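Remarks on the overall topology
The residues making up each chain are set out below.
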Amino acid sequence: MASIRDFIFISTLVGAAHAGFVSVECKTENVGQFGQQVMVDCVIQLKPEAADAEIKVVNWKKNGDDKPLLHFYRGEYQRSKERYSFAEPSWNNANMNVSLLIKDAAMEDEGAYTCTVVTNRGDGSVSTSLEIRAKYNRPTVTSTPERLTGDTDGVLTCTSEGGYPEGKLRWFDEHNAEWTKSAEMQAVKMKDGLFRLSSSLTLLRGSTFSKYTCMVYNHSGGKEEEFLFEINPHNDRHERGPEKEMNTPSKIVAPVVVIGSLIVGLLILLVVRRRRNRHEPVSTCEPLRAVERDHPDIICDVEKGGSEP
Ligand SMILES: *[C@@H]1O[C@H](CO)[C@@H](O)[C@H](O)[C@H]1NC(C)=O
Ligand SMILES: *[C@@H]1O[C@H](CO)[C@@H](O)[C@H](O)[C@H]1NC(C)=O
């Protein structure tokens, strides 16, 4: 804490004495990839009058933070996290390249930074911004229902994540016609600050194409990755295959039904015989008409033979 107070004191003092000899200039656009080393590129510019300037203090701060990220004062370095360092491998106070290097960049690193420099010949301060970008993963497409034939309504859902800033998912059919307007997209920020995009495309039966491509585009409209989804691939062979399999059990079922009917018929025959033995009226055979119709050879012969004198 003492060092910061000293720094403010010194910068006020020196700044007042030597205004304009020293300035800090940064690359206007600092862009880094998520998870990689990123740099905020800044260099001290000295007027000829201050060419022999000696750096006393370098202070890197993220705007809005209280503590500096990286601080050099009286030959000593301090940093709030291991991830921060000077970009120049063996920086010393004769080196005018005061660029900040951030390892393993995260979304929290995006934003505005201020670099303040104090020399014995004046001081300078500049603000610059850092943008973090992350590429979206290759999308995946799933369908509901799982087996889409084109004869029923369905939904294709495309998902791609791990990108930043917010991108877009777009749909195309096999003729390259765009179907994005028929889809609904959601962008959700995940814990690490990266986006998860998902888009659902509704397919109506009868008006379904055989191939759909889901493409993920980055924030500035550059295409990144795609996924091709084929509806009902190998159409004929695959579609008829299972039907043939379905025929096999029905070949077993048919004889079972026939044999079953015969058994039922025989049982009914037994019942009728017993009833006849008990001298019950023949009219009880009325409910058997249906069976009679189906098995005239078994039932009717016996019935007729029994009821006719
Ligand atoms: C500052 O140093 C870094 C690391 O060596 C280098 O990549 C960068 O180009 C330098 N910046 C300037 C403006 O020279
Ligand atoms: C988007 O992609 C294009 C082309 O690949 C690339 O030039 C651009 O920098 C990317 N923009 C973002 C925001 O990632």
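A few points on the structure. Remember, it's a predicted structure, so these values are computed and weren't measured experimentally. Each residue is numbered by its place in its chain's sequence as written, counting from 1. Written order decides the labels, with chains lettered from A and ligands numbered from 1. Given that this is a predicted model, residues contribute local features only at a pLDDT of at least 70 and side-chain atom pairs are listed and counted only at 80 or more, while totals for whole chains, interfaces and linings are drawn from all residues. As a convention, hydrogens and water are excluded, and side-chain values are obtained from all of the structure's heavy atoms.

Regarding the nonpolar core
This is how it is decided: Within this scheme, the nonpolar core is defined by two criteria: the residues are buried Ala, Val, Leu, Ile, Met, Phe, Trp, Tyr or Cys, and they are joined through side-chain atoms within 4.5 Å. A simple rule labels every residue: compare its accessible area, found with a 1.4 Å probe on the protein chains alone, to the largest value its type can have, and call it buried under 20%, exposed over 50%, or partly exposed in between. By definition, any uninterrupted DSSP run of H or I lasting at least four residues is a helix, any uninterrupted run of E lasting at least two residues is a strand, and each is numbered from the N terminus.
Formed by 48 residues in total, the largest nonpolar core has its most connected members in V58, W60, L100, L156 and W171. Considering every element that reaches this core, the biggest residue donor is strand β16 (residues 195-203), with 4 residues.

Some words on the pattern of salt bridges
Threshold: Put simply, a salt bridge is a Lys or Arg side-chain nitrogen that is within 4 Å of an Asp or Glu carboxyl oxygen.
Using the criterion set out here, one finds 11 salt bridges in the structure. The salt bridge involving K81 is made with E108; its shortest N-O contact spans 3.0 Å. Here E108 lies in the loop between β9 (100-102) and β10 (111-119) and K81 lies in the loop between β7 (76-79) and β8 (84-86), a separation of 27 residues in the sequence. Ionic pairing is found between E108 and R83, a salt bridge with its closest N-O pair at 3.2 Å. Of this pair, E108 sits in the loop between β9 and β10 while R83 sits in the loop between β7 and β8; the two residues are 25 residues apart in sequence, bridging distant segments of the chain. When its relative accessible area of 47% is taken as the criterion, E108 is described as partly exposed.

A word on the environment of E146
Within the fold, E146 resides in the loop between β12 (140-144) and β13 (154-163). Taking the C-alpha atoms as reference points, E146 and L156, separated by 10 residues in sequence, lie 9.5 Å from one another.

Concerning the site of ligand 2
Rules: Proximity is defined per residue: any heavy atom of the residue falling within 4 Å of a molecule or strand makes that residue near it. Any N or O atom pair separated by 3.5 Å or less is treated as a polar contact, with the protein-specific requirement of one donor-capable and one acceptor-capable atom, and with residues adjacent in sequence counted only for side-chain atom pairs. The method behind every accessible area is Shrake-Rupley, applied with a 1.4 Å probe, and residues are considered shielded solely by the protein chains displayed.
In the vicinity of ligand 2, the residues found are R133, N218, S220 and G222. Contacts to ligand 2 include R133, whose side-chain N or O atom sits 3.5 Å from an oxygen atom. Contacts to ligand 2 include S220, whose side-chain N or O atom sits 2.7 Å from a nitrogen atom. Relative to its unbound accessible area of 360 Å², ligand 2 is 55% covered by the protein chains.

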